[in-house]
Structure formats: C-alpha cells, structure tokens
Amino acid sequence: MSELGSHLNTHSSGEEAFTFDPSAYADGVELSELPIGVFDSGIGGLTVLEALLTADGFHNTDLKPGADGRPDLENERFIYLGDQANMPYGNYSAVGKVDYLRELILKDAVFLLGRRFWPTADAAAPRHDKPPVKAIVIACNTATAYGLADIRAAVKVWGIPVIVVGVVEAGARGLLKASKEGAVGVLATVGTCASEVYPKTIQSTLGLAGRSAPSVTQFGSANLAGVIEGDPSYATPVAEQVAADVRGLVEAHRAAGSPAPLKKVMLGCTHFPLVIREIDAAFAKLREEPEFAPWIAEVREFVNPAEWTARELLSELAKARLRRKGGAETEENRFFISVANPRCAAAKLTDTGVLDHDYKYGRETGHLDIEDTLVVPMTRGGLPEVSRRLVETKLPAVWQRLPEG
C-alpha cells in the first residue's frame, strides 16, 4: 500500500492512472447523493449487483424487517467494475503473487473512488466524469479474502468517509439462517481456499452466535470462474467443469472423515450462483454413486453471499446516515470492465488481444507508471456470448440496466 500511497500523494488531482482526487470527499459534499461502487474480478460480481438491485427484506420507510414490495436500495445508483483483463483473481496466490493481487485489489478501489476511465480502448485520452462513490462493495470472495483489510486501512489513512463491505463476512452470517444439521462445503477459487478465509470466518461467526462449530470442507477450482466467464483459454464446457469440481469437493469431504453429509454449500465465488442449477444437478448425479451417497445430503442448501451482502450494505448505509433520499433513479447506473491495453509496449498480449498468461501472472508490484489494462464502459454487446447469455437469462435487473453497446 505504501507504493500506491506515494503515487496518490504525487498525483492528487486524480487525472493519472491509479489515482483519485480526495477533495471529492471534502466537508460540505453531500455524500449520500454519491453512488455505490461494486467490483469483482470479472462479471461474476454482477450476481452481487443483482442482489443489491432486487433485495427486499425491509420496509423502506422505517427499515422494519419484512418485504414491502420495493427494493431496499431502490433510491441508490451503482457503479460496477469487472476487472476481467486481470482475472481470475483466484490463481495469483497459486503462483506466489499475493502481493500483486493485493495491489490489483487496491487499484480497483481507487478506480471507484476516482473519476477517470477510458471511453474506448483506442481512445486518444481518458475521460474524468465518472462520479466517486460513497461505499465500496467487494463483490469478489478472493478480493475480500486478500484485500478487505487493506482497503479498510487505506480508506482510514486517506481520511475519506467511505463504507467498505465484503461478501465473505456477509455470507458467513447467512449460514446462521441455514439448517443446523449437516456439514458445510465451500466451493470457491484456489486463492479463496488458500486464504482459509471462509473456514475462519464461518467458525468465528457461528461461535459468536453460540452455535457449535460445523465441519467445513473446501475445494478450490482453478477453472470454473474462467469457464463461466467464457474466457477462450478455458475450453471445458460448464457442466463438465462443474461436475469435476463438485466431485473434488465431495472427495475432499470424504477424505476428511467427517461423519455428517454435505448439507450446506457456500458458493464462495461470485460467478458460481450463475450456474447454481448445474451445481445442484452435479451433487444429485454424484449421489447416485454408492461410494459417494453417504457424504451428500439428499437435499442441499446453498448459501449465496450476494443476498446477505445486500443486507449488510443497507445496515451500514443506515448507520452512517448515507441512504440516498431521492425518488427513483435520477441518474443511470454505470458499468465498467477492464481490457488489455493494446498500446502498452511493456505488455505481452495474445493473438486474441488479452494479456498473455505468463505475463499476467509474472508481473511485479510498484510499476504504477505502466497501464497495461484500461477500464472502459461495459456493454451488452461487449460481453462474450456465454457471459451475455448468462446475464440476460439469470440477472434480469442487471440486464435491464446494462447499456446495449
């Protein structure tokens, strides 16, 4: 964080890459009118945004529990960032690049705090008319695991009154509403599993609530997020990859020797709720095999951290008195995605125009003068076909707001 901090101090106007203007948060600014920032390593975090756009667990007038037919955050507007050029985040820890991952995560936060973006990848210059945000939702389990503490510390050091919410803590609290019986399985990325953030957070959350510690088994998929995204470097079909990962989780649970079958499954990657039907079908199929049947509950309960993140955000906004008081949306929600910079001499790109795998995972921290990826507007037409179909069919509130392109 020190290198990025020095970079920010040197470029306080917010006009350079990886910077923001702290005066946007000066006394007298009506912070409640600012949008809420949401980021993930790709489009998977759109599942979190869908939950934020549609959650209806409280009465909007007095926040009493219960649905009132109106989205809890209906007056808010959102800015979404999918850092697709640098995804999957879950693989950086496997190649010893945790420090670089942490820098990427801080860069995501800085983008949301700032005004700078590129209108297109081949534009002559960036624009500076994106509004800053009043809250940051880390809609990425791996980024929460490795970057939540960093972002909270940075916000404090920078002296800006910005709320920071992560999906892991919210997801762990969601388990409090699930069945008490049965074991917990965490299906996540390699990086999230390596961090041990879910077992630790689940154990502490349930312990504070007076619940006995459950058996928790993890399985980290190195490929499923990329397959769901439609990344051309992952050729395995979704159903085939899901089946392999579910089998890996069940085999790990069986090897751990827990007597309880897997009953509750934490979807520990924001991409995974997009294929929840395929995941449950894979469990059902595997349960037909006698050697695995005792380790899989007949009926599984899935915990989607996105749904609980919406509750957490509403609570934090209310406590800080930052809920937007206006009527329906008066300004559009905005969507951004990162792409490889075709003009960056230092970057190595593939024939398809994405960052070369070895280059992507071989980068070092501190090179804040190199902008090898650009953040540009996200549109329907700019998404890969697989991703576009998933968003259109499974995330209708997001699809409605996503520009055509």
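This one's a predicted model, so the numbers in the text were calculated from it and none came from an experiment.

*Asks:* Please explain the packing of helix α5 (residues 167-174) against helix α7 (residues 197-208) as it appears in this structure.
*Replies:* Taken N-terminus to C-terminus, the directions of α5 and α7 make an angle of 50°; their axes are 9 Å apart at the nearest point. The orientation of α5 relative to α7 falls into the category oblique. Judged by the sense of rotation from one axis to the other, the crossing of α5 with α7 is right-handed. For the pair α5 and α7, contact is made by V167, V168, E169, A172 and R173 and by V197, Y198, T201, I202 and T205, respectively. Classifying every residue of the contact of α5 with α7 gives six nonpolar, two polar and two charged.

*Asks:* It is not clear to me how the confidence of the model for the chain should be interpreted in this structure. Could you clarify?
*Replies:* In regions of low pLDDT, the predicted coordinates are not meant to be interpreted in detail. Per-residue confidence for the chain gives a mean pLDDT of 92, with 99% of residues at or over 70. The element-level mean pLDDT for the chain is lowest in helix α1 (residues 2-10), coming to 81, with strand β3 (residues 135-138) highest at 98.

*Asks:* It is not clear to me how the sheet that holds β3 should be interpreted in this structure. Could you clarify?
*Replies:* For sheets, the rule is that strands pair by backbone hydrogen bonds, running either parallel or antiparallel. Strands sit in the order β4-β3-β1-β2-β9-β10 across an open sheet of six strands; the sheet is mixed. The outermost strands of the open sheet, each flanked by one partner alone, are β4 (163-166) and β10 (373-377). In this sheet, adjacent strand axes meet at a mean angle of 20° when their direction is disregarded. Bridge count between strand β9 (residues 334-340) and β10: five bridges; the pairing is antiparallel. In the strand pairing of β10, I337 is matched with V376.

*Asks:* Teacher, can you tell me more about the side chain of T142 here?
*Replies:* Along the polypeptide, T142 turns up in helix α4 (residues 141-158). Of the residues examined, T142 reaches a relative accessible area of 2% and is grouped as buried. Those residues in contact with T142, other than ones at most four positions away along the chain, are Y89, G90, L101, T189, G191 and T192.

*Asks:* Would you explain the pattern of salt bridges in this entry?
*Replies:* Two side chains carrying opposite charge are able to pair once their charged atoms lie near each other. This model, assessed by the stated rule, comprises 20 salt bridges. Ionic pairing is found between E76 and K134, a salt bridge with its closest N-O pair at 2.7 Å. Placement of the pair is E76 in the loop between α2 (46-54) and β2 (78-82) and K134 in the loop between α3 (98-113) and β3, with a sequence separation of 58 residues. K134 carries the same exposure label as E76, and that label is buried.

*Asks:* I keep staring at the environment of T189 and nothing clicks. Help me out?
*Replies:* Mapped onto the secondary structure, T189 falls in strand β5 (residues 183-189). Classification of T189 by relative accessible area gives buried; the value is 6%. Sequence separation between T189 and R254 is 65 residues; the distance between their C-alpha atoms is 20 Å. Not counting residues within four places of it along the chain, the set of residues in contact with T189 comprises G90, T142, G220, S221, G268 and C269.

Basis of the calculations
- Residues numbered from 1 in each chain as written.
- Predicted model: local features only at pLDDT ≥ 70, side-chain atom pairs only at ≥ 80, totals over all residues.
- Heavy atoms only, no water.
- Axes fitted to C-alpha atoms, helices over the stretch in contact; angles between N-to-C directions.
- Helix = DSSP H or I, 4+ residues; strand = E, 2+ residues; numbered from the N terminus.
- Parallel < 35°, antiparallel > 145°, perpendicular 65-115°, else oblique.
- Left-handed = near helix turned anticlockwise from the far one by under 90°.
- Contact = heavy atoms within 4.5 Å.
- Nonpolar A, V, L, I, M, F, W, Y, C, P; charged D, E, K, R; others polar.
- pLDDT = per-residue confidence, 0-100.
- Pairing = 2+ DSSP bridges.
- Buried < 20%, exposed > 50% of the residue type's maximum accessible area, 1.4 Å probe, protein only.
- Salt bridge = Lys/Arg side-chain N within 4 Å of Asp/Glu carboxyl O.

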